[in-house]
Amino acid sequence: MILLANSEAWPGFADSVALLKQGAHGLDAMVAGIGKVERETSVRSVGYGGWPNMLGRMEFDAAVMDGTTRDVGAVGALPDILPACAVAQQVMQRLPHVMLTGEGAKRFAIETGFSPEETLLDDSKRIWWERLEKELGADAARFPDVPLIPLSTTITDPERVRDTTVFLCRDSQRGIHSATSTSGWAWKYPGRLGDSPIAGAGFYADSRYGAAACTHTGEMTVRCSTSRSIVLAMKLGHSLEDAVALAVEELSELSTGFLAGVVIHAIDAHGDHRVVNFRCQGDIKYWLWEPSMSQPELRTALRA
Ligand code: GLY
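The chain is annotated in an unreviewed UniProt entry as Asparaginase of Jeongeupia chitinilytica.

Check the secondary structure of the chain and you find eight helices and 13 strands. Since a compact globule built from 304 residues should have a radius of gyration of about 19 Å, the 18 Å found for the chain is in line with a globular shape. Taking the principal axes of its C-alpha atoms as reference, the chain extends roughly 60 × 45 × 35 Å. For the chain, contacts bridging at least 24 residues in sequence account for 65% of all contacts bridging at least 6.

This part is about the environment of C224. Relative to the helices and strands, C224 is located in helix α6 (residues 218-224). The spacing of C224 and V146 is 78 residues in sequence and 33 Å in space, taken between C-alpha atoms. With sequence-adjacent residues up to four places away left out, C224 is seen in contact with S229, E250, L251 and L254.

Here we come to the nonpolar core. Generally speaking, a soluble globular protein has its nonpolar side chains buried in company with each other. Judged by nonpolar contacts, the single largest core of 85 residues is most densely connected at L3, F13, V75, F167, I230 and I264. With residues near it in sequence (within four places) discarded, L3 still touches F13, S16, V17, L20, M30, F167, L168, C169, W287, L288 and W289. Formed by 13 residues, the second largest nonpolar core is a distinct cluster that contains M54, F143, V146 and L148.

Scoring rules and cut-offs
- Residues numbered from 1 in each chain as written.
- Predicted model: local features only at pLDDT ≥ 70, side-chain atom pairs only at ≥ 80, totals over all residues.
- Heavy atoms only, no water.
- Helix = DSSP H or I, 4+ residues; strand = E, 2+ residues; numbered from the N terminus.
- Rg over C-alpha atoms; globule rule 2.2 N^0.38 Å.
- Contact = heavy atoms within 4.5 Å.
- Core = buried A, V, L, I, M, F, W, Y, C linked by side-chain atoms within 4.5 Å.
- Buried < 20%, exposed > 50% of the residue type's maximum accessible area, 1.4 Å probe, protein only.

The structure is reproduced here in structure tokens:
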């Protein structure tokens, strides 16, 4: 068994470990852990602690992938409903679709027993408006009847959050699975989807070979299909290390569009893992648990 997650996973990582130890299906274990992350208001990129879009509305992206069946469930730009990752799991289990977005995703969530609520915290609302007001200048009085495109530079500041929570595991049944959740980039354009709900970009899992999931700049991993590339490379015989290096090479070949950092998290079917920081500032940490460990360990990602 193995459980790997990014640093934001701390509120729920131990819960997922406990469930894996009890023999739970990996997806159930990770969705339970992510639910805790989504409820923790001090995690500023996921769930209640996340930041809103440019109009001050929370829009959540989340997904699960069962690596044994390659079934996927995802929600994108989901308003007013948490926990988003649990809704994604319901999409996988109850619909012939893999992804729902926006109002359709909200409708489905309500139909399956989730309750709509205000998910924007007062403190987040205050900071959202303070920063936006500065960008708007004299146009602030007319907001929201202003063009939003010029404001999109607001989200390109590296200080603004574009993190996610990603979990990968190999469970007691040797199933390799992935789960993700995020509020997406702070001050994103309404309707923007990141990589976290996009199979192949923000996550991919195949119990025969391994799994990968990415945090930070989703626009880049969508363009490179980063997570699928890693798992496909392992299928074609590359080692985990080489597969991740190949994905990093593809990211580094991008020369146009919005370019910034990406963190790749990956595991293989031998129980090995690799976490690589491509152009993110500072040390990037991640959580790891294997049965030989008495406690989960917080480790530092390798630099690409
Ligand atoms: N990787 C998170 C996002 O781009 O929304």
